[in-house]
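Chain residues, written in single-letter form:
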Amino acid sequence: MANLVSLFIGLVPAVAVALSVKEEQAGLQRESTESGINCASHKCSSGWHPKADHLDIKSTGSNADSECCDATCALWTCGPNYLANPAYGDNVGASDQVCCDRTCMDDFQCLPNTTTRGKEARGASVEECCGPICGVFSCTDGWETDASKHDMLGEKPEDCCSASCSFFNCSATPGYVTNDAALHVVGNDVATCCNTMCYLLTCPKDFRMPEEMNETVGNIDTCCVPLCSGFTCPKLYSAITSKSADFGNSTSECCLPTCATYSCSGDWANSTSAGKLSSTNLTDESCCESSCQAYSCSPDWLPKDGVSADAGNSDAVCCDETCALHTCPNGYRKRNETIFNGTRGNTDAVCCEPATCFIYDNRTLTEVAGCNSLTEDDCNAKFKLYTVADNTTNNTYSVACEWWGSKGLPVCRNTGSPLIGCTVSM
């Protein structure tokens, strides 16, 4: 009980003081109302701060902020070569020197391996206005040196370096995987940084991708395999039509040899028929023709020289005509058949002689100097050859021996008519 009484007694002076303050404030308010605004009751606007002695200042009320408050830097606009600093916003001030930071302008000579931070940078000393160039910065951990930034201001990899492919996530794009060879290459896209899975590629005409290549890393050259449809078979070979959609890029895979490559055997000869030469059924029957070697010439025909291995099955191809088949013109007859039998030829010059040559039939050349020494029996079976000079050449004439018994002279004479071109028995 005694403690409660003491507490109550102690509270009495405090209550009295509080009542005294309220009375004082009320008095001030009455005084403000009577003679103007008391700055103690004025709330400064944004950007203004109460003056240090504002409790003792009265305002006329027309411009209470300027009378009761000081302007802060928040209301100040920095002039040329100065920059606002938000950190100064609550500071009381109204000048560039108080409210702003000075810019570096172009007043400083930077040291070697440094460069200006720019005339708009904040600063008033070499240390503040100059900074290191990228040329002295070491690019590491996936950042690659960028020579184009050597003389630029920089102290961070983002300023001085270029990001390499090691930062790029290839797997984020389906069908691409990291290209280890590009980890130190500057890049930020799949084309530069990643390997392509084959299944993303479209093979060109006459190429196709084997199924086992789909999940393989590669390019058009390694992922796409040529088809036989794109292969050109060499001369004398023919494309295998059934393999046009098959993988292949060689003669052995895509082509078959034609009969033009075939060597015929025995009595067969290489054909000249386009139809046969294009065949791929390599047999004598398919590729070859019967040769002249196997052909028998008809009567009055003789085997032609040099064609035995050639294709042929007719007299016209494999054989030569003999004079037995030739018809001589009027005034001519076939040469003495007993001498000229089976001679190759089909012209008058080869097969024919003047019809008057009959006189030499069954006659032989006399071996004596003339006809005079021949007996009657030998006279009509002999003839004599003479070489007679003329203006152009020496012509050999044949003259039949003639027995002149019927003329009253029992002697063999050579006074018959000379003939040229007769076939005679030597």
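(A) Seen up close, the overall build of the protein chain. Check the secondary structure of the protein chain and you find 14 helices and 27 strands. Relative to all contacts within the protein chain whose residues are 6 or more apart in sequence, the contacts with residues 24 or more apart total 24%. Of the accessible surface of the protein chain, which amounts to about 26500 Å², a share of 53% is contributed by carbon and sulfur atoms.

(B) Expanded view of unusual backbone geometry. Of note in this structure, Asn-113 is not a glycine but carries a positive phi near 65°. In this structure, Asn-113 sits in the loop between β6 (100–102) and β7 (114–116). Of note, the phi angle at Asp-141 is positive, near 55°, even though the residue is not glycine. Its place among the elements puts Asp-141 in the loop between β8 (130–132) and β9 (143–145).

(C) Looking closely at the state of the cysteines. What the rule picks out here adds up to 22 disulfides. Cys-297 shares a disulfide with Cys-319; S-S distance 2.0 Å. Here the S-S torsion is close to -100°, and the disulfide linking Cys-297 with Cys-319 is therefore left-handed. Within this pair, whereas Cys-297 is found in the loop between β18 (288–290) and β19 (301–303), its partner Cys-319 is found in strand β20 (residues 319–321), the two being separated by 22 residues in sequence. Cys-297 gets classed as partly exposed once you look at its relative accessible area, which sits at 23%. For Cys-319, a relative accessible area of 3% translates into the label buried.

(D) Broad picture of the confidence of the model for the protein chain. Taken residue by residue, the protein chain gives an average pLDDT of 85. The fraction at 70 or more is 87%. A low-confidence stretch, residues 1–34 (pLDDT under 50), is modelled with 5 contacts involving residues beyond four sequence positions or located in other chains.

(E) Summary view of the environment of Asp-146. Inspection of the secondary structure assignment puts Asp-146 in the loop between β9 and α5 (157–160). It is 9.0 Å that separates the C-alpha atoms of Asp-146 and Val-186, two residues lying 40 residues apart in sequence. At 2.5 Å, the side chain of Asp-146 forms a polar contact with the side chain of Ser-148.

(F) Broad picture of the packing of aromatic side chains. Tallying each qualifying case throughout the model produces 2 aromatic pairs. A ring pair is formed by Trp-143 and Phe-167, whose centres lie 5.2 Å apart and whose planes are at 55°; its orientation type is tilted. A residue pair is termed long-range when its members are at least 10 positions apart, and Trp-143 in strand β9 and Phe-167 in the loop between β10 (161–163) and β11 (176–178) qualify at 24 residues. Aromatic pair Tyr-360 and Phe-383: ring centres 5.6 Å apart, planes at 80°, arrangement edge-to-face.

(G) Seen up close, the environment of Val-368. Counting through the fold element by element, Val-368 comes out in the loop between β23 (364–365) and α14 (376–379). Considered as a pair, Val-368 and Lys-384 are 16 residues apart in the sequence and their alpha carbons are 8.9 Å apart. The residues contacting Val-368, other than those within four sequence positions of it, are Ser-373, Leu-374 and Lys-384.

(H) The arrangement of the pattern of salt bridges in detail. Within the structure shown, the criterion is met by 9 salt bridges. Asp-361 serves as the salt-bridge partner of Arg-333, at 2.6 Å between the closest nitrogen and oxygen. Linking Arg-333 in strand β21 (residues 332–334) with Asp-361 in the loop between β22 (352–354) and β23, this pair joins segments that are 28 residues apart in sequence. For Asp-361, a relative accessible area of 25% translates into the label partly exposed.

(I) Inspection of the side chain of Glu-353 at higher detail. The residue Glu-353 is located in strand β22 in this model. Setting aside anything within four residues of it in sequence, one finds Glu-353 in contact with Gly-331, Tyr-332, Arg-333, Lys-334, Arg-335, Asn-336, Gly-421, Cys-422 and Thr-423.

(J) Spatial organisation of the environment of Ala-182. Examined against the element boundaries, Ala-182 turns out to sit in the loop between β11 and α6 (190–193). Accessibility expressed as a relative area gives 4% for Ala-182, which makes it buried. As for Ala-182 and Thr-192, which are separated by 10 residues in sequence, their C-alpha atoms are 7.4 Å apart. For Ala-182, the contacting residues outside a window of four places in its chain are Cys-165, Thr-192 and Cys-193.

Criteria and cut-off values
Numbering of residues starts from 1 in every chain and runs along the sequence as written. Two thresholds apply to this predicted model, a pLDDT of at least 70 for residue-level local features and 80 or more for giving and counting side-chain atom pairs, whereas whole-chain, interface and lining totals are computed over all residues. The side-chain values count all of the structure's non-hydrogen atoms but skip hydrogen atoms and water molecules. Secondary structure counts use DSSP, requiring at least four H or I residues in a row for a helix and at least two E residues in a row for a strand, with both numbered from the N terminus. Here, two residues are considered to be in contact whenever any of their heavy atoms come within 4.5 Å of each other. Per-residue and other accessible areas follow the Shrake-Rupley method at a 1.4 Å probe size, with only the shown protein chains counted as cover for residues. Criterion for a disulfide: a pair of cysteine sulfur atoms at a distance within 2.5 Å. The cut-offs for exposure are 20% and 50% of the maximum accessible area for each residue type, with area from a 1.4 Å probe on protein chains only; residues under the lower value are buried, those over the upper are exposed, and the others partly exposed. Confidence of the predictor at the level of single residues is given by pLDDT, which spans 0 to 100. Within 3.5 Å is the distance limit for a polar contact, defined as a pair of N or O atoms, with the added protein rule that one can donate a hydrogen and the other accept it, and that residues adjacent in sequence qualify only through two side-chain atoms. Classification of ring pairs rests on two measures: the distance between centres of Phe, Tyr or Trp rings, Trp counted by its six-membered ring, which must be within 6.5 Å, and the angle between planes, read as stacked under 30 degrees, edge-to-face over 60 and tilted in between. One side-chain nitrogen of Lys or Arg within 4 Å of one carboxyl oxygen of Asp or Glu is enough to make a salt bridge.

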